[in-house]
Amino acid sequence: MPRIRVEVDGSTYEDDVEPRVLLIHYLRERLGKVGTPVGCDTSNCGACTVLMDGMSVKSCSVLAVQADGTDVTTIEGLGMDGRTHPMQQAFHEEHALQCGYCTPGMIMASLDLLRENPDPSDEEVREGLEGNLCRCTGYQNIVKAVRRAAGEMRDPAGQEVTP
Ligand code: FES
Ligand code: FES
């Protein structure tokens, strides 16, 4: 069996894994990272989205062996210093969730979106998150949350930015 070494949420893991094991199953079943849910297992819903070296991936469409040597962040790796991450806080403040099943994936995909575009329009948020499905919210509050977080992450102190 191949041996992988992967950084997940700030800790290093070395494990023997079968080549067919998906990253989502490695995270949940081997590492106990059950904060990342499985929605469809067919790479359609985005619920399983995590960051791999900063880029969002649907972890049901990646083999665990492909994560060898990478740095993975799951929803459980945010706000680990005891403070809620601005994106998590914005989802809370804007009521951007109902059942919450899509939320971990939405948040991780949103962080990747802001990495590429720190100040997205409503339309750009909708386009950027089109791979993540929500059956509850109608998306409007998710868009508001992402834009609110974007503002706070650009200007965390809430100070006027001088041109
Ligand atoms: Fe991975 Fe749905 S569980 S995309
Ligand atoms: Fe229920 Fe999005 S809040 S699927």
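Just so we're clear, the structure is a prediction, and the values are computed from it rather than from any experiment. (Residues numbered from 1 in each chain as written. Chains lettered and ligands numbered in written order. Predicted model: local features only at pLDDT ≥ 70, side-chain atom pairs only at ≥ 80, totals over all residues. Heavy atoms only, no water.)

### Remarks on the packing of helix 3 (residues 103–116) against helix 5 (residues 140–154)
The N-to-C vectors of helix 3 and helix 5 enclose an angle of 50°; their axes lie 11 Å apart at closest approach. Regarding the angle of helix 3 to helix 5, the classification is oblique. Here helix 3 runs over helix 5; the crossing is right-handed. Residues Met106, Ser110, Leu111, Leu113 and Leu114 of helix 3 touch helix 5, and the partners they reach there are Ile142, Val146, Ala149, Ala150 and Met153. (Axes fitted to C-alpha atoms, helices over the stretch in contact; angles between N-to-C directions. Helix = DSSP H or I, 4+ residues; strand = E, 2+ residues; numbered from the N terminus. Parallel < 35°, antiparallel > 145°, perpendicular 65-115°, else oblique. Left-handed = near helix turned anticlockwise from the far one by under 90°. Contact = heavy atoms within 4.5 Å.)

### Looking at unusual backbone geometry
Residue Asp9 is not a glycine yet carries a positive backbone phi of 50°. With respect to the secondary-structure elements, Asp9 resides in the loop between strand 1 (3–8) and strand 2 (11–16). Classification of Asp9 as buried rests on a relative accessible area of 7%. (Buried < 20%, exposed > 50% of the residue type's maximum accessible area, 1.4 Å probe, protein only.)

### What about the side chain of Asp15?
Mapped onto the secondary structure, Asp15 falls in strand 2. When its relative accessible area of 16% is taken as the criterion, Asp15 is described as buried. In terms of polar contacts, Asp15 uses its side chain to reach the side chain of Tyr26, at 2.6 Å. Ignoring any residue separated from it by four or fewer positions in sequence, one finds Asp15 in contact with Pro2, Arg3, Ile4, Tyr26, Arg30 and Leu31. (Polar contact = N/O pair within 3.5 Å; in protein donor to acceptor, adjacent residues only side chain to side chain.)

### Quick look at the sheet that holds strand 4 (residues 55–58)
Spatially, the five strands line up as an open sheet ordered 2-1-5-3-4, and their pairing is mixed. At either end of the open sheet lies a strand with only one pairing partner, and these are strand 2 and strand 4. Shown here is a sheet whose adjacent strand axes are inclined to one another by a mean of 35°, direction ignored. As defined by bridge partners, strand 1 adjoins strand 2 across six bridges and the pair is classed as antiparallel. (Pairing = 2+ DSSP bridges.)

### Comments concerning the nonpolar core
Counting 24 residues, the largest nonpolar core has Met87, Phe91, Ile107, Leu129, Ile142 and Val146 as the members making the most contacts within it. When contributions to this core are tallied by element, the ones reaching two or more residues are helix 2 (86–93), helix 3 and helix 5. No other element matches helix 3, which puts seven residues into this core. In contact with Val146, not counting residues within four places along its chain, are Met87, Phe91, Ser110, Leu113, Leu114, Val125 and Leu129. Among the nonpolar cores identified, the runner-up in size contains 15 residues, and Ile4, Leu27, Ala64 and Val72 belong to it. (Core = buried A, V, L, I, M, F, W, Y, C linked by side-chain atoms within 4.5 Å.)

### Observations regarding the side chain of Asp112
Take Asp112: it is sitting in helix 3. One polar contact links Asp112 to Ser56, side chain to side chain, over a distance of 2.9 Å. The contacts of Asp112, once residues within four sequence positions are left out, are Leu51, Gly54, Met55 and Ser56.

### A few points about helix 1 (residues 23–30)
Restricting attention to buried positions, one finds in helix 1 the residues Leu23, Ile24, Tyr26 and Leu27. The buried residues of helix 1 occupy one face: seen down the axis, they fall within an arc of 165°. Residues of helix 1 that are buried make contact with strand 1, strand 2, strand 3 (49–52) and strand 5 (71–73). A positive phi of about 75° marks Gly32, the residue just after helix 1. (Arc of directions from axis to C-beta.)

No statement about biological role is implied by the geometric values presented.
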